[in-house]
Each structure stands twice: as structure tokens, then as C-alpha cells.
Amino acid sequence: MTAIEKEYRIIPLHKRPDLIPDCCTLLNSEWPRSETARLKFLNVSCDEFPICLILINKEERVLGHCKVSLIPRLRHSCFIQSLIIDYQRRSQGLGSRLLRGAEEHVAKKGIKNVYLITKGQELFYLKNGYKTCDPFKASGINDVVYSSAAFTKAKLKEKSIQSCGPPPPPMPNYQMPKFYDLGVLTQRTHMVKRLSSQ
Ligand SMILES: CC(C)(COP(=O)(O)OP(=O)(O)OC[C@H]1O[C@@H](n2cnc3c(N)ncnc32)[C@H](O)[C@@H]1OP(=O)(O)O)[C@@H](O)C(=O)NCCC(=O)NCCS
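- The name given to the protein chain in an unreviewed UniProt entry is N-acetyltransferase domain-containing protein, with the source organism recorded as Melipona bicolor.

1. Looking at helix H3 (residues 35–42)
Here is step 1: Among the residues making up H3, those that are buried are Arg38, Phe41 and Leu42. An end-on view of H3 places all buried positions within 90° of arc, on one side of the element. Looking at H3, the residues exposed on the side facing more than 90 degrees away from the buried face are Thr36 and Lys40.
Here is step 2: On its buried side, H3 packs onto helix H2 (20–30), strand E2 (51–57), strand E3 (62–70) and strand E4 (77–85).

2. Here's the deal with helix H4 (residues 94–107)
Here is step 1: Taking 1.5 Å of rise per residue, the 14 residues of H4 would be expected to cover 20 Å, and the 20 Å separating its terminal C-alpha atoms lies within 8% of that figure.
Here is step 2: Of the positions making up H4, those classed as buried are Leu94, Gly95, Arg97, Leu98, Leu99, Gly101, Ala102, Glu103 and Val106.

3. Quick word on the site of the ligand
Here is step 1: Close to the ligand lie 19 residues, the nearest being Leu83, Ser91, Gly95, Ser96 and Gln121.
Here is step 2: Measuring from a nitrogen atom of the ligand, one finds a backbone N or O atom of Leu83 at 2.7 Å.
Here is step 3: One of the backbone nitrogen or oxygen atoms of Ser91 is found 2.7 Å away from an oxygen atom of the ligand.
Here is step 4: Alone, the ligand offers 900 Å² of accessible surface; in the complex the protein occludes 71% of this.
Here is step 5: Counting residues per element, the ones that place at least two in the shell around the ligand are E4, H4, strand E5 (113–118) and helix H5 (122–127).
Here is step 6: The element that contributes the greatest number of residues to the shell around the ligand is H5, accounting for four residues.
Here is step 7: Each residue belonging to the shell around the ligand can be placed in one class, and the counts come to nine nonpolar, seven polar and three charged.

4. A short note on the pattern of salt bridges
Here is step 1: Under the defined criterion, the tally for this structure stands at nine salt bridges.
Here is step 2: We note a salt bridge from Asp47 to Lys15, for which the minimum N-O separation is 3.3 Å. Remark: Lys15 occurs in the loop between strand E1 (8–12) and H2 and Asp47 occurs in the loop between H3 and E2; sequence separation between them is 32 residues.
Here is step 3: Asp86 is paired through a salt bridge with Arg61; the nearest N and O atoms lie 2.9 Å apart. One end of the pair, Asp86, is in the loop between E4 and H4; the other, Arg61, is in the loop between E2 and E3, with 25 residues separating them in the sequence.

5. Looking at the sheet that holds E4
Here is step 1: Reading across from one edge, E1-E2-E3-E4-E5-E7-E6 is the order of the seven strands in this open sheet, with mixed pairing throughout. Strands at the two margins of the open sheet, each flanked by one partner only, are E1 and strand E6 (131–132).
Here is step 2: As paired elements, E1 and E2 share five bridges and run antiparallel to each other. By the bridge assignment, Arg9 is partnered in E2 with Ile56.
Here is step 3: Its contacts with the sheet put H2 on E2, E3 and E4, and the angle it makes with E3 is roughly 85°.
Here is step 4: Relative to the sheet, H4 contacts E1, E2, E3, E4, E5 and strand E7 (189–194), its axis offset from that of E4 by approximately 155°.

6. Things to note about the environment of Leu94
Here is step 1: Summarising the element assignment, Leu94 is placed in helix H4.
Here is step 2: Take Leu94: its relative accessible area is 2%, and that puts it in the buried class.
Here is step 3: Sequence separation between Leu94 and Glu5 is 89 residues; the distance between their C-alpha atoms is 9.9 Å.
Here is step 4: When sequence neighbours within four positions are dropped, the list of residues in contact with Leu94 reads Ile4, Tyr8, Leu55, Leu63, Ile85 and Arg89.

7. Quick look at the packing of aromatic side chains
Aromatic ring pairs are described here by two measures, namely the spacing of the ring centres and the angle between the planes.
Here is step 1: For the structure on display, the rule yields four aromatic pairs.
Here is step 2: Each ring, one from Phe79 and one from Phe136, has its centre 6.1 Å from the other, and the planes form 90°; the classification is edge-to-face. One end of the pair, Phe79, is in strand E4; the other, Phe136, is in the loop between E6 and helix H6 (148–162), with 57 residues separating them in the sequence.
Here is step 3: On the basis of an interplanar angle of 75° and a centroid distance of 5.7 Å, the ring pair of Tyr125 and Tyr130 is categorised as edge-to-face.
Here is step 4: You can call Tyr125 buried: its relative accessible area is 8%.
Here is step 5: When its relative accessible area of 1% is taken as the criterion, Tyr130 is described as buried.

Conventions we followed
- Residues numbered from 1 in each chain as written.
- Predicted model: local features only at pLDDT ≥ 70, side-chain atom pairs only at ≥ 80, totals over all residues.
- Heavy atoms only, no water.
- Buried < 20%, exposed > 50% of the residue type's maximum accessible area, 1.4 Å probe, protein only.
- Helix = DSSP H or I, 4+ residues; strand = E, 2+ residues; numbered from the N terminus.
- Arc of directions from axis to C-beta.
- Contact = heavy atoms within 4.5 Å.
- Expected span 1.5 Å × (residues − 1).
- Near = heavy atom within 4 Å.
- Polar contact = N/O pair within 3.5 Å; in protein donor to acceptor, adjacent residues only side chain to side chain.
- Areas by Shrake-Rupley, 256 points an atom, 1.4 Å probe, with all protein chains shown as cover.
- Nonpolar A, V, L, I, M, F, W, Y, C, P; charged D, E, K, R; others polar.
- Salt bridge = Lys/Arg side-chain N within 4 Å of Asp/Glu carboxyl O.
- Pairing = 2+ DSSP bridges.
- Axes fitted to C-alpha atoms, helices over the stretch in contact; angles between N-to-C directions.
- Phe/Tyr/Trp six-rings, centres within 6.5 Å; stacked < 30°, edge-to-face > 60°.

Okay, structure coming up:
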């Protein structure tokens, strides 16, 4: 066991309801929400999915959080959101530790693919083995993921409804972005990691 593993533990939040207020404070330090909204988000944590995992230190201070939900229409797949490490404890390997802990947790439950959407933390996830993937839609607690083909079709349909008349000619030297670059255009990158079988 490494020093970092001895010093920090990853536990399901619902096993420690007394730490929910601290977890709210941590999340709100990055993404301010009302207490009601935060409690609704966190109180669904259960032994199966969705589950909120927290990283605590020896003094039981909440230093990190992430929530993992199942993706209903995609077998063996889950979605990680709201991964956060306390501002003062970043760049010390804790984010990677929590992410790995979450992956190990879901792997034990038969999950093979971990999806996420990020805006600005691409490098962190790339370093942790994630790759960009086709855009998918994930909303709310019951995240729904559309296959890339269905998504593309829906997007194209949406565009054709919005536009009237023939499309303008392409700009000189303009290269159509590849499908996976759409994430860059919308400032959100969709990523996936295929978990290796244990
Ligand atoms: C993203 C976050 C969880 C990373 O946690 P962390 O504890 O700082 O990450 P680690 O220390 O494990 O970093 C692992 C590697 O990623 C790199 N890294 C971490 N954050 C990075 C960033 N924002 N940009 C580029 N690289 C980053 C580190 O340099 C490190 O690389 P190294 O091992 O070669 O030094 C943390 O920055 C955070 O809470 N951010 C605010 C909330 C957020 O944006 N969450 C992501 C939602 S999608």
C-alpha cells in the first residue's frame, strides 16, 4: 500500500451521511447551487447506481467527490460527473486517485466503459487513460446516451429544420471538422475509457 493509499480513503457518501454538508460545501466551491439542489443530487447515492464517492483524509475531511450513474441504454457503461478535488489539494495526485478508485469500484460491478463530459480538464483525463469519443447526451440523474449515428442524424435533422434555402458555399481552405471535433466546437469534450478486464 502506497503512502497516498494509507493517508486517504474512498468511501460511498451514503455510508457517511454526516459528511454530506461538507460534500455540499466542496461541490459549491466550484459549482454554486442551492442547498436543496445539492442535497437532491447527493441524496440519491446508494449501493448500486447512482453512487457518490468521496475521498477523505485521516482526519475525515472531505477532499474529493465524484458521482457515477448507469447509462440506461448502453450495456456495461457508466457516466462519471462532478469529479472535484478541494482547491488547496489539487495537483497532488488525488484527482487521479479518486478517479481510479471510482473505476475500480464500477469494474467490480461489471462496468466496462466509463464515459464523461468535460470542459477544460481534457489533459487530466487523457493522462488517466481516457480518449475522446463521439458526442453523446447525458442529462440529469437518469443519463441517456445516444449512439453516435442516432446523434448525428438528429443533429443533421435539427440543422436542416433550422436552415432555409441551400447551404452557403464552403469557405476557401475550410476543412470540415471530424465528428469527434464537435466537442471542441461546443467547448465540451466527450470522453470514454474502456476498463481492462481484471
Ligand atoms: C480535475 C481535478 C479533479 C484534477 O484533480 P487533481 O488532484 O488536481 O489531479 P492530479 O493531481 O491527480 O493530476 C493528474 C495529472 O493531470 C494533470 N492535471 C491535473 N489537472 C489538470 C488540468 N486542469 N490541466 C492539465 N493537466 C492537469 C496533472 O498535472 C497530473 O499530471 P502529472 O501526473 O503528469 O503531474 C481538479 O483539478 C479539480 O477538482 N478541478 C475542478 C473541478 C473540475 O473541473 N472537475 C472536472 C469536471 S469534468
